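Results of the structural survey
This is what each chain is made of:
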Amino acid sequence: MTLTTPRVRTGRITFFVALAVFAQESTWNLYDSQVPPLLREHVSSAALIGALMGMDNLLGIFIQPWMGNRSDGTRTSWGRRIPYLVVGMPVAAVLFVLIPHAAASLPLLILVMFGYALVANSFKPIAESLLPDYIGPERRSRANAAVKIASSITVIVAALISIFLIDDFPKLSFAIPAVLMLVSVGVLAWRVRDSKSPAYRAALEEDRAGHTENAPRVRMRDVLLDLVRDTDRSRLLVILSVLAFGSAWFASRSLITNYGMETLGMSRGDAGGLTLPSGLAFIVAAYPVALCAERFGRLRVILIGMTVFAAAMVLGTIVRTPTGTVVAMCVAAAGASAFMVNMAVVLWNLAPSARVLGTYTGLYTVGWAGGGFLGPALVGGMVDVTGWPFLLLDIAVVTAVAVLLVARIASLQRRRTDGRAL
């Protein structure tokens, strides 16, 4: 599948997608940092709080591919993505604002949390699918890098809200990301009609060619069977590699505070700040790795980035000091950016049809959310055996599995004869 897009439209749609993702992730980051204290007022068990906070990842595994598939089959004058965003983002914004107001009652708080997670997960892959709808395979890496940078900046936004506003204005603070989301959807509704996107037009042509105007949606079951039955296995291996590397990435973020306390002798606050500089390193590296991927090949750059990530984990194990750990995490984040910017593009470019781009976005998030759900538990189990001093080395071992999977994908792609650009 080859889609070409004028340069001016590429920059324009990248901005709009980045704006939508920025608004969504602003709510998610504040949710992750400030909802646990609200639960702590009612629940003493850290395990139960963790389970309730993991509810959104679990919902995302089931909802995101299904909603991506639903949007693929939608045909309106606005296109197939925008109608869902125009409805879903305002509803999510309202539910997000209600979270602190519901905090007085645990059942009500959980109900509002569930509602927000349900709605926000529903449109998350839809906004991201606008990018491959408009932008051809050859320029998707740099566009996705801009979107990832916007997403990373939201960590800083959520931190600033927490530092300067949450103590004095605990309810008003939740309204700020919600307003950003409303502004974002207003701009999208005003400026974007994805019925004009190359992928949407290609999907309409496929509908007409197959005489499927009355049933344009490719069933989710058929997409999954196609993945499993494909003798090439590249697409299935991509999703498995996302699961494996996602496990390593989320383990490196969620367990590092305990590592700092248990191994480096740091306080809870200081240990919690070990990953902050690495967020800036990710932002700095994201766009250059996208340009390198478009010039030298995405799979090659991904393999190099994952190797850098694993090597940084080994370095952190050897240089077991706070400074050494910060340096290792910065190098690791720069390496991880190669995977996180480019692997979704690889999966989009392997999609057999413009009719299933949203579904493939959802399948990518299944692997990533699955890594977020399984990774900390898996690496935590390894730490129980090896001890906290070897946490980073355990993460490197999990990363090695992902490297082997991507190396196999690269080997399969070298045998391709159809000329498809990844």
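As stated in UniProt under Subcellular location (unreviewed entry), the record for the chain gives "Cell membrane".

Before going further, it helps to examine the overall build of the chain. Helix and strand content of the chain: 17 helices and 0 strands. Here the C-alpha radius of gyration of the chain, 21 Å, is about what a compact globule of 422 residues would show, namely 22 Å. Taking the principal axes of the C-alpha coordinates as reference, the chain spans close to 65 × 50 × 35 Å. By residue count, 55% of the 422 residues in the chain fall in the buried class. Considering only contacts within the chain whose residues lie at least 6 apart along the sequence, 84% involve residues at least 24 apart. For the chain, the exposed area adds up to about 17,600 Å²; of that, 66% sits on carbon and sulfur atoms. In the chain, 37 positive and 25 negative side-chain charges are present, and the distance between their average locations comes to 7 Å.

A contiguous nonpolar surface patch, about 760 Å² in accessible area, is contributed by Ile304, Val308, Val314, Leu315, Ile318, Val319, Val327, Val331, Phe390 and Leu393. Put simply, the parts of the chain that give the nonpolar patch at least two residues each are helix H14 (298-318) and helix H15 (322-350). Given a relative accessible area of 32%, Val314 falls into the partly exposed group.

Reading the values: rules and limits
Once a new chain begins, its residue numbering starts again from 1 and follows that chain's sequence as written. Local features are withheld for residues below a pLDDT of 70 in this predicted model, meaning they are given only at 70 or higher, and side-chain atom pairs are given and counted only at 80 or more; totals for whole chains, interfaces and linings count all residues. Side-chain calculation: all heavy atoms of the structure are included, whereas hydrogens and water are not. UniProt positions are given in the numbering used here, feature names are shortened, and annotations may be inferred rather than shown by experiment. For the purposes of this entry, the term helix denotes a DSSP run of H or I that reaches at least four residues, the term strand denotes a run of E that reaches at least two, and both are numbered from the N terminus. Throughout, the radius of gyration refers to the C-alpha atoms, and the reference size of a globule is 2.2 Å times the residue count to the power 0.38. Each residue gets one of three labels from its accessible area relative to the maximum for its type: buried under 20%, exposed over 50%, partly exposed in between, using a 1.4 Å probe on protein chains only. Working rule for contacts: check all heavy atoms of both residues, and any pair within 4.5 Å makes them a contact. Only the protein chains shown count as covering a residue, and every accessible area follows the Shrake-Rupley method with a 1.4 Å probe. Charge counting follows a simple rule: Lys and Arg are positive, Asp and Glu are negative, and His as well as the terminal groups are ignored. Working definition for charges: the position is that of NZ of Lys, CZ of Arg, CG of Asp or CD of Glu. Patch members must show over 30% relative accessible area and no salt bridge, and they are joined within 9 Å when carrying like charges or within 5 Å when they are nonpolar side chains of Val, Leu, Ile, Met, Phe, Trp or Tyr. One side-chain nitrogen of Lys or Arg within 4 Å of one carboxyl oxygen of Asp or Glu is enough to make a salt bridge.

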